[in-house]
Protein chains: 2
Amino acid sequence: MSAQPPSQSPAPRVGIVGATGAVGGELLLCLEQRRFPLSSLRLFASPRSAGRSLLFRDEPVKVEALTEAALAGLDIVLFSAGSATSRQFAPAAMRHGAVVVDNSSAFRMDADVPLVVPEVNPAAITAHRGLIANPNCVAIVAAVPLWPLHRVNPICRIIAATYQAASGAGAAAMEELRESTEAYLEGRDYPARVLAHPYAFNLFSHDTAVDPLTGYNDEETKVIREMRKIMGEPELRIGVTCIRVPVLRAHSIALTVEFADPITPEAVRALLAAAPGVRLVDDVAHNHFPMPREASGQDDILVGRIRRDVSDPSGRSVAMFVAGDQLLKGAALNAVQIAERLVG
Amino acid sequence: MSAQPPSQSPAPRVGIVGATGAVGGELLLCLEQRRFPLSSLRLFASPRSAGRSLLFRDEPVKVEALTEAALAGLDIVLFSAGSATSRQFAPAAMRHGAVVVDNSSAFRMDADVPLVVPEVNPAAITAHRGLIANPNCVAIVAAVPLWPLHRVNPICRIIAATYQAASGAGAAAMEELRESTEAYLEGRDYPARVLAHPYAFNLFSHDTAVDPLTGYNDEETKVIREMRKIMGEPELRIGVTCIRVPVLRAHSIALTVEFADPITPEAVRALLAAAPGVRLVDDVAHNHFPMPREASGQDDILVGRIRRDVSDPSGRSVAMFVAGDQLLKGAALNAVQIAERLVG
C-alpha cells in the first residue's frame, strides 16, 4: 500500500468485516476513491466467502475467515455483516486495540456509543469508547438535509413515508428483485426466497417484524429512535411509514416537516444550497426532482419538491422529497467518513 | 344482447368512448362481469383504433370512430379518453339525450357537476344535469376508507404520500414500464417515450406540471380539491406528495390522518371491517399488509398498517397504508357503479 497518512501519526491498519456483502463492496470502493490514508487493509467474511480475493488499489487482497484472533493488529475495523456478527466479534476487535465503526444496529442505542452522521454530530465521535455506530440508512438520508434546517428553526414534528430500495436487505435481495422481475416478464413463476413477498412490480411494508402493541415495525422504530439520538432531540415527534419498493439501491423519502417558527420554501432552499452533503434537485420547469436512479452512485442526498405544506395553515410546515444512495451515504460512505474523522 | 333490465324501464343503450384504452378495457370487463343491464353496447375510439372488434359477452363489437353524430341514440355514455376528448364530445352526447359518466378531469370541479364515489356521496348523483364526473384515482382510493371514519369522527387533516402505478398514465406507460425494465435487465438502452424519466427500477415525482407558485403538481392539486368535493368538506386540510413507482396497475397511499376527537386503531379497524368497498389486510403476525400486486384485479380497497400516529401526542391521529386497483375502483369500476345507480 503506497498511500501516505495526512499527519505524522502512522497510517492506520484497517479491516473490513463483511467485505463480500453489498455494503462491504462499497466500503472498499469508498476507501479507494477517497484515498483513505491506510497502511494496510485486511478483509474478513464468513468461512463460506473466505479464500476469494478482492481488488483494492489494483492489488488482490485475500478474504480471511473471521475469528476473534484474526482481528488482532488492526487500528480501525469497519463492521458490516449484521447485528449478530457485530455482537460476537466487535468486542474482540476492541480488546485487540482497534476502534470499531459498526454498520449494524447492535449497539446504536447504547448510551455510551456515539451514533454519528458527520454532517450532523461530528463532535460525538470524540466521546467514543472503542466503538462508533453508523446509523440506519433512512435516518441518515433524512437527517442530512433536516439538520441544517433544524439548527436555524427547530423542527417540532416529522412525518415521513419511505420508498426503500432492495439494497437495504442486502445483495441477495437486489438479486431477487432482478431475477423475480425477469421471471415476471417471461411469465415464469418465481418463489420469493430472501423477502417474504413477491417483489417484481410490487411494493410492501418493510420486512422487519411489527410490534403488535404499537403497530410499528423495527425499521420504523429504528428511524424514530436514531434520528432523535443523532439530532440530540430525545423528544422529537416523528411518524414514519417504511415501505420497500422495487428499486435497486437508493432510498427516497417523502417528508412533511413542522418547525417551531414560520418558514418559507425559499428559506429552506437557501439553507440546503449551502449545506454539506446535500444537492438541490428542484427544477420545477423541467419536472426534475430527486430520483433513486440519479441518486445511485452519488455521495450527496438529493432534495427537491420543496414547498409549503398546505395542510398546515400556520405556515410552519414544509414538504419535500429526498433520495440518497442506501449503500453509500446510507451505509459505506457514512462509515468511511466517520473513520476519516478518527484519523484526521 | 340478451341481458334484461332489473326494473320495468327499458334497459339503457350504453356507449364507451375510449374503448381501446387501459380503462376502456376494464369498463368492458366490469359491465360484463357485473351483468350490467344494458340493451345495447357501442364502442368508440380515435379513428386510428376504429375498425377493430372487441369481445363483449362472447360477441364481437366493432369499434366505431368517434364523431358527434355517432353519439346519437345512447342513454349512458362512459367517457375515458382524456380531458380533450371529453370537452369536445361529452356535450354532443348530452345534446343527443345521453347521461355522461366522465372519467376525465375536464368537468370534475364544475359546480353543477356531481363528483361521485358511490360509497361516499351517492346522493349527489340525482342532482346531475346530464354529466357525472368520476374522480381522480388517488382521491377515490383514499376516500373509500376515510369516509366511514369521517362520518363518526370528523377528519381535520390528511397527510398522504402516494405510490402510483404506471396504469394511471395509460396502457402505453404500462408497456413502457415492462419494456424499459426488460431493456435494463438485458443491459440495453431504452429511450423513455411516454414518461419523462427512466422508469425501470426507478420512481419519480408525478409527471404532471408543477405550479411554480405553490410547488404542487396537477395531480396533487386534483387529489386535494376532489377529496374535499367528494367528502363535502371544502376546507379539509390535505397535504399530499404524488410519486410514480414501478408498479403496473394498483396505487398505494401512506396516510396520516388527524381526527377531531381521540381515536384508537381498534376503533378504526372496527369501522373499516364494516365499511363497503374496503377489505382489512392487517396481519401483524405474518407481516401481511396491502400490496399493489394483491390489490390488482380486486374491487376492494385494501387497508392495513393501522396504528396510532406516534408523532401526535393528542391521540387524535392514526397512520395507515392502503392499496387499490387504479384501473378498477380508481377508474372503470367506480364509473360502472355510478352507471348502476343511474339505472337503479
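One can find the structure itself at the top, above this paragraph.
What comes next concerns the included structure. (Residues numbered from 1 in each chain as written. Chains lettered and ligands numbered in written order. Predicted model: local features only at pLDDT ≥ 70, side-chain atom pairs only at ≥ 80, totals over all residues.)

**Quick notes on the interface of chain A and chain B**
Stage number 1. Counting residues at the interface gives 52 residues for chain A and 51 residues for chain B.
Stage number 2. Mapped onto the side of chain A that touches chain B, the elements with two or more residues apiece are β8 (155-163), α4 (171-185), β9 (204-205), β10 (237-241), β12 (250-259), α7 (292-295), β14 (301-308) and β15 (317-325) of chain A.
Stage number 3. In terms of residues, the side of chain A that touches chain B owes the most to one element, β8 of chain A, which gives five residues.
Stage number 4. Across the side of chain A that touches chain B, the residue classes break down as 30 nonpolar, twelve polar and ten charged. (Contact = placed C-beta atoms within 7 Å. Helix = DSSP H or I, 4+ residues; strand = E, 2+ residues; numbered from the N terminus. Nonpolar A, V, L, I, M, F, W, Y, C, P; charged D, E, K, R; others polar.)

**Focus on the sheet that holds strand β7 (residues 131-133) of chain B**
All names here are of chain B.
Stage number 1. An order of β3-β4-β2-β1-β5-β6-β7 is seen for the seven strands of this open sheet, with the pairing classed as mixed. In this open sheet, the two edge strands, each paired with only one partner strand, are β3 (53-56) and β7. Taking the axes of each pair of neighbouring strands and ignoring which way they run, one obtains an average angle of 25° across the sheet. (Pairing = 2+ DSSP bridges. Axes fitted to C-alpha atoms, helices over the stretch in contact; angles between N-to-C directions.)

**A closer look at the pairing of strand β14 (residues 301-308) of chain B**
Residue and element names in this part refer to chain B.
Stage number 1. Taken across its eight residues, β14 has eight buried, putting it largely inside the fold.
Stage number 2. Direction of pairing for strand β13 (residues 278-280) relative to β14: parallel, over a ladder of three bridges. For L280, the partnering residue across the bridge sits in β14 and is V303.
Stage number 3. By the bridge criterion, five bridges tie β14 to strand β15 (residues 317-325) in an arrangement that is antiparallel. In the sheet register, V303 faces β15, and the bridge partner there is V322. (Buried ≥ 20, exposed ≤ 12 C-beta atoms within 10 Å, placed from the backbone.)

**Looking at the environment of L248 of chain A**
Stage number 1. Among the structural elements, L248 of chain A can be located in the loop between β11 (243-244) and β12.
Stage number 2. Each C-alpha atom, one on L248 of chain A and one on R293 of chain A, is 8.4 Å from the other, the two residues being 45 residues apart in sequence.
Stage number 3. In this structure, L248 of chain A is in contact with A165, A166, S167, M174 and L177 of chain A together with F201 of chain B, ignoring residues within four places of it in sequence.

**Considering the sheet that holds strand β8 (residues 155-163) of chain B**
Either a parallel or an antiparallel arrangement is found when strands of a sheet pair, and the pairing is made through backbone hydrogen bonds.
Residue and element names in this part refer to chain B.
Stage number 1. Strand order in the open sheet formed by six strands is β10-β8-β12-β15-β14-β13, with mixed pairing between adjacent strands. The outermost strands of the open sheet, each flanked by one partner alone, are β10 (237-241) and β13. Taking each pair of neighbouring strands and ignoring which way they run, the sheet shows an average axis angle of 25°.
Stage number 2. Strand contacts of helix α3 (residues 137-150): β8, β12 (250-259), β13, β14 and β15, with the helix running at about 40° to β12, the strand carrying the most contacts.
Stage number 3. In the packing of helix α8 (residues 328-343) onto the sheet, the strands contacted are β12, β14 and β15, and the crossing angle to β15 comes to about 60°.

**Focus: the relation of the copies chain A and chain B**
Stage number 1. When chain A is fitted to chain B, the best match, at an RMSD of 0.0 Å, comes from turning it 180° and sliding it 0.0 Å along the axis. The transformation just described matches what one would write down for a two-fold rotation axis.
Stage number 2. Taken together, the interface assignments show that 98% of the residues at the interface of chain A recur at the interface of chain B, consistent with an identical surface on both copies. (Least-squares fit on C-alpha atoms with pLDDT ≥ 70 in both.)

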